[in-house]
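Chain by chain, the residues:
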Amino acid sequence: MAETASHQRFRARIEYLLQHMQVVDVGITLLFRQTNAQHAAGGTILDALNIESARYDRLRHPVKHDARIFNFSRARNAEHSLVALHGHFTEYLRTILDEMYQGNPLLVVGKAPGTMQYQEIVQLGTFEAISQNMIDNVFRKLENERSTTKLLEKVLNHTQVHLDPEQLDTAIMYLEMRHLIIHNGSKADAIFASRYAGRTRLSDGDRLPLLARTVQSAVAAVTTLVKDVDTQLLAGAFVNPR
């Protein structure tokens, strides 16, 4: 199936993201197996793993504390993956805007009008550099909305792309977890709990379900959204296939 360069790059990013997440998760699973078998023997986690190294001095906790320590790392792995997923989605929107500019510059610069000083034009030197500067400035202005939904809407404005509301809402829910991870201690706030009451049982103050299956669901929802956007932009000839 035809796709843009931006979509191809996004898929590659997602592949590496899932691979990294799974490497860490399976590593933690194997650690659990080895330490659980050594609970009766006592000692530290390092003793249970038969490792003596100053590099791992934070693992000199009693082996019976393995669940607390390893589950903490498993949750951080999920946090990293959800934040990275948001970054890859934003990168897709940024690069697809670049591709849209190649076909219709006025469609892109019209999303966030601005001006350039003569000095800036001279300093940039080439048409390519001037174009890149304009695209970067447009995207920065769109990002200032501080809303993933509004950013997506503005990027797609005047493209006749129509997204399935249920599909979009699910993807945005996972993308908004990034804000909660960074700014709210990985806990749901009242706005999130109310907005997605039909999709999650989380209440204000509840911790996000930082599990591998949460990441898998998030990746599936956002990947479907990006594919739909890409397919419709190609169908409308707003971008060209790779």
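Before reading on, note that the structure itself is shown above.
This text gives an overview of the structure that appears in the document. (Residues numbered from 1 in each chain as written. Predicted model: local features only at pLDDT ≥ 70, side-chain atom pairs only at ≥ 80, totals over all residues. Heavy atoms only, no water.)

### Thoughts on the overall build of the protein
Our working definition: Here a helix means four or more residues in a row that DSSP labels H or I, a strand means two or more in a row labelled E, and each is numbered from the N terminus. To sort residues, take the accessible area from a 1.4 Å probe on protein chains only and compare it with the maximum for the residue type: under 20% means buried, over 50% means exposed, and anything in between is partly exposed. Contacts are assigned to residue pairs with any non-hydrogen atoms lying within 4.5 Å of each other. Here the Shrake-Rupley method, with its probe set to 1.4 Å, supplies the accessible areas, and only the displayed protein chains count as covering residues.
Helix and strand counts for the protein stand at ten helices and zero strands. The linear arrangement of helices and strands in the protein, starting from the amino end, is α-α-α-α-α-α-α-α-α-α. A buried classification covers 40% of the 242 residues belonging to the protein. Long-range contacts, defined as pairs at least 24 residues apart, comprise 69% of the intrachain contacts of the protein with a sequence gap of at least 6. If you sum the accessible surface of the protein, you get close to 13700 Å²; carbon and sulfur atoms cover 53% of it.

### Thoughts on helix α8 (residues 165-183)
To keep it simple, the criterion reads: Expected helix span is computed as 1.5 Å times (number of residues minus one). The definition of a polar contact used here is a pair of N or O atoms within 3.5 Å, where within protein one atom must be able to donate a hydrogen and the other to accept one, and adjacent residues in sequence count solely through side-chain atom pairs.
Compared with an ideal rise of 1.5 Å per residue, which puts 19 residues at 27 Å, α8 spans 27 Å between its outermost C-alpha atoms and is within 8% of the ideal. In this structure, the buried side of α8 is in contact with α3 (66-103), α7 (148-156), α9 (190-195) and α10 (212-235). For α8, the N-terminal cap is Asp164; the gap from its side-chain oxygen to the backbone nitrogen of Glu166 is 3.2 Å. Among the residues trailing α8, Gly185 stands out with phi positive, at a value near 60 degrees.

### Considerations on unusual backbone geometry
Located in the positive-phi region is His158, a residue other than glycine, with phi close to 70 degrees. Relative accessible area serves as the criterion here: at 56%, His158 is assigned to the exposed category. Within the chain, Gln160 stands out as a residue other than glycine whose phi angle is a positive 65 degrees. Relative to the helices and strands, Gln160 resides in the loop between α7 and α8.

### Here's the deal with the pattern of salt bridges
Applied cut-off: One side-chain nitrogen of Lys or Arg within 4 Å of one carboxyl oxygen of Asp or Glu is enough to make a salt bridge.
Across all of its chains, the model carries ten salt bridges by this definition. The closest approach of N and O atoms between Arg60 and Glu52, which form a salt bridge, is 3.5 Å. When salt bridges that share partners are traced, they join Glu166, Asp169 and Arg199 into one network.

### Overview of the nonpolar core
For clarity, the cut-off: Among buried residues, those of type Ala, Val, Leu, Ile, Met, Phe, Trp, Tyr and Cys that are joined through side-chain atoms within 4.5 Å constitute a nonpolar core.
Val155 and Leu233 are the most contacted members of the largest nonpolar core, which totals 53 residues. Looking at this core, the elements with two or more residues in it are α1 (5-36), α3, α4 (105-109), α6 (127-143), α7, α8 and α10. Looking at this core, the element that brings in the most residues is α3, giving twelve residues. Excluding residues within four positions of it along the chain, Leu233 makes contact with Tyr92, Ile96, Met100, Leu156, Thr159, Val161, Phe238 and Val239. Counting six residues, the second largest nonpolar core, distinct from the first, contains Ile28, Ile45, Leu49 and Phe70.

### Some details on the layout of surface pockets
Definition in use: Cavity: a set of points on a 1 Å grid over the protein atoms alone where a 1.4 Å probe fits but cannot get out. Pocket: an open set with protein on both sides within 12 Å along at least five of seven lines, its lining residues, like those of a cavity, having an atom within 4 Å of a point. Grid points are joined across faces, edges and corners, and a volume is the space filled by probe spheres set on the points. Under the grouping applied here, Gly and all other residues not named as nonpolar or charged are polar, the nonpolar ones being Ala, Val, Leu, Ile, Met, Phe, Trp, Tyr, Cys and Pro and the charged ones Asp, Glu, Lys and Arg.
Quantified by volume, the largest pocket comes out at close to 600 Å³. What lines the largest pocket is a set of 20 residues, and nearest its centre among them are Arg146, Ser147, Thr148, Arg178 and His179. Residue assignment for the lining of the largest pocket shows that the elements contributing at least two residues are α3, α6, α7, α8 and α9. Its residues placed into classes, the lining of the largest pocket shows seven nonpolar, seven polar and six charged.

### A short note on the packing of α7 against α8
Heads up, the condition is: An axis is simply a line fitted to the C-alpha atoms; with a helix, the fit covers only the stretch in contact. Between two such axes, the angle follows the N-to-C directions and lies from 0 to 180 degrees. Oblique is the label for any angle not covered by the other classes, which are roughly parallel (under 35 degrees), roughly antiparallel (over 145) and roughly perpendicular (65 to 115).
In contact at an axis separation of 10 Å, α7 and α8 are set at 125 degrees when each is read in the N-to-C sense. Our classification of the angle between α7 and α8 gives oblique. For the pair α7 and α8, the contacting residues are Thr148, Thr149 and Leu152 in the first and Leu168, Ile172, Leu175 and Glu176 in the second. Broken down by class, the residue content of the contact of α7 with α8 amounts to four nonpolar, two polar and one charged.

### A look at the environment of Asn104
Topologically, Asn104 is positioned in the loop between α3 and α4. Asn104 sits in the partly exposed class, given a relative accessible area of 34%. Here the alpha-carbon distance between Asn104 and Phe238, two residues 134 residues apart in the chain, equals 7.4 Å.

### Re empty space enclosed by the protein
Summed over all chains, the structure comprises one cavity of 30 Å³ or more. The space that makes up the largest cavity amounts to roughly 40 Å³. Broken down by element, the residue count for the lining of the largest cavity peaks at three residues, all from α3. For the lining of the largest cavity, the class distribution of residues is six nonpolar, one polar and two charged.

### Structural notes on α1
Think of an α-helix as turning once every 3.6 residues; residues three or four places apart then point the same way. For α1, spanning 32 residues, the distance from its first C-alpha to its last is 47 Å, which sits close to the expected 46 Å at 1.5 Å a residue. Where α1 is concerned, the buried positions are Ala5, Ser6, His7, Phe10, Ile14, Leu17, Leu18, Met21, Ile28, Phe32 and Thr35. Elements that come into contact with the buried residues of α1 comprise α2 (45-49), α3 and α10.

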